[in-house]
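Residue-level structure breakdown
So you can see what is in the structure, the chains are spelled out below.
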Amino acid sequence: MLIELGGRALEYRFTRRRRRTLGISVDGAGLKVVAPLRAPWREIEAFLRDKERWILAKLDEWSRVPRAPLLRCLSGESLPLFGVRHELEVRHGARAVREEPARLVVSARRGARPVHVLLAWLREKALHALTPRAAHYSARLGLREPRVALSSARTQWGVCTEDGVIRLSWRLVHVEPALADYVVAHEVAHLVELNHSRRFWNVVGELYPTWREARERLELAGASLPILRGKP
């Protein structure tokens, strides 16, 4: 679909669903509009024009986000670890990763793929950092510590299963601890409300009052996280 806002011709994704209100969102793919099944076009366009300043500001914000780099685990490449940029140094040697200030030294035997060593280390680092945070937020709700597992999801930061297992993307190891904390708090809140109702968001707000800001920052940060080629 196409609409002119602020003198700019904008393409947007459009869908209709069984809902009562119009909804808009902006991400790396652009503007998305979701409308009730019978909403008239004049109402939809009026809504978009009313949100013009917000839409244009968000589109400009996303246009400044760098694209996710593809890393092969070579010396000189860099990646964020808990929000801090670290340069990679790859050596031959016993399988290991050594963390130094602003540097990760990755050692792999000849013929082995250093990226596998790095990925395994990052996953271990993520699990070690995220598990106690889940215990922390669960305790605040008077719940016992949940089992935490890792996923390799790139678009879903976390999920809480019906049997109370919290799965978190290991890629949270890349972002600032405060942003990873939001995801953990979000999933722990699902232990109480396995939905996205108002009651659920009230629980999230109790655990993490600034969740709205964190969610927006995480969306932007996640779009530029590196993609490591290879599976551990």
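Notes on the structure in this doc start here. (Residues numbered from 1 in each chain as written. Predicted model: local features only at pLDDT ≥ 70, side-chain atom pairs only at ≥ 80, totals over all residues. Heavy atoms only, no water.)

Describing the sheet that holds strand 10 (residues 148-151)
Across the sheet, which stays open at both edges, the three strands sit in the order 10-12-11 with mixed pairing between neighbours. Two strands in the sheet have a free side with no partner beyond their single neighbour: strand 10 and strand 11 (158-160). Each neighbouring strand pair of the sheet contributes to a mean axis angle of 20 degrees, computed without reference to strand direction. Relative to strand 12 (residues 166-169), strand 10 runs parallel, the two sharing four bridges. Bridging from a neighbouring strand, V148 pairs with I166 of strand 12. Contacts from helix 3 (residues 114-140) reach strand 10 and strand 12 within the one sheet, and its direction differs from that of strand 10 by about 140 degrees. Helix-sheet contacts for helix 4 (residues 177-189) involve strand 11 and strand 12, and the interaxial angle to strand 12 is about 160 degrees. (Pairing = 2+ DSSP bridges. Helix = DSSP H or I, 4+ residues; strand = E, 2+ residues; numbered from the N terminus. Axes fitted to C-alpha atoms, helices over the stretch in contact; angles between N-to-C directions. Contact = heavy atoms within 4.5 Å.)

Observations regarding the nonpolar core
Among the nonpolar cores identified, the biggest contains 48 residues, and L118, L122, L168, W170, L172, Y182 and L228 are the most heavily contacted of them. Among the elements that make up this core, the one with the highest residue count is helix 3 (10 residues). Apart from the residues lying within four places of it in its own chain, the contact partners of Y182 are W201, V204, Y208, W211, A214, R215 and L218. (Core = buried A, V, L, I, M, F, W, Y, C linked by side-chain atoms within 4.5 Å. Buried < 20%, exposed > 50% of the residue type's maximum accessible area, 1.4 Å probe, protein only.)

As for unusual backbone geometry
For C73, which is not a glycine, the phi torsion comes out positive at approximately 60 degrees. Looking at where C73 falls in the secondary structure, it is placed in the loop between strand 5 (70-71) and strand 6 (78-81). Notably, F82 is not glycine yet its phi reads approximately 50 degrees, a positive angle. When you line up the elements, F82 lands in the loop between strand 6 and strand 7 (84-92).

Overview of the pattern of salt bridges
Counted by the stated rule, this structure contains 12 salt bridges. Between K58 and E61 there is a salt bridge, with the nearest N and O atoms lying 3.2 Å from each other. Within this pair, K58 and its partner E61 are both found in helix 2 (residues 52-63), separated by three residues, close to a single helical turn. E61 gets classed as partly exposed once you look at its relative accessible area, which sits at 27%. If you follow the salt bridges from partner to partner, you end up with E89, R91, R98, E100 and R103 in one network. (Salt bridge = Lys/Arg side-chain N within 4 Å of Asp/Glu carboxyl O.)

Everything listed here is a matter of coordinates, which is why it stays silent on function.
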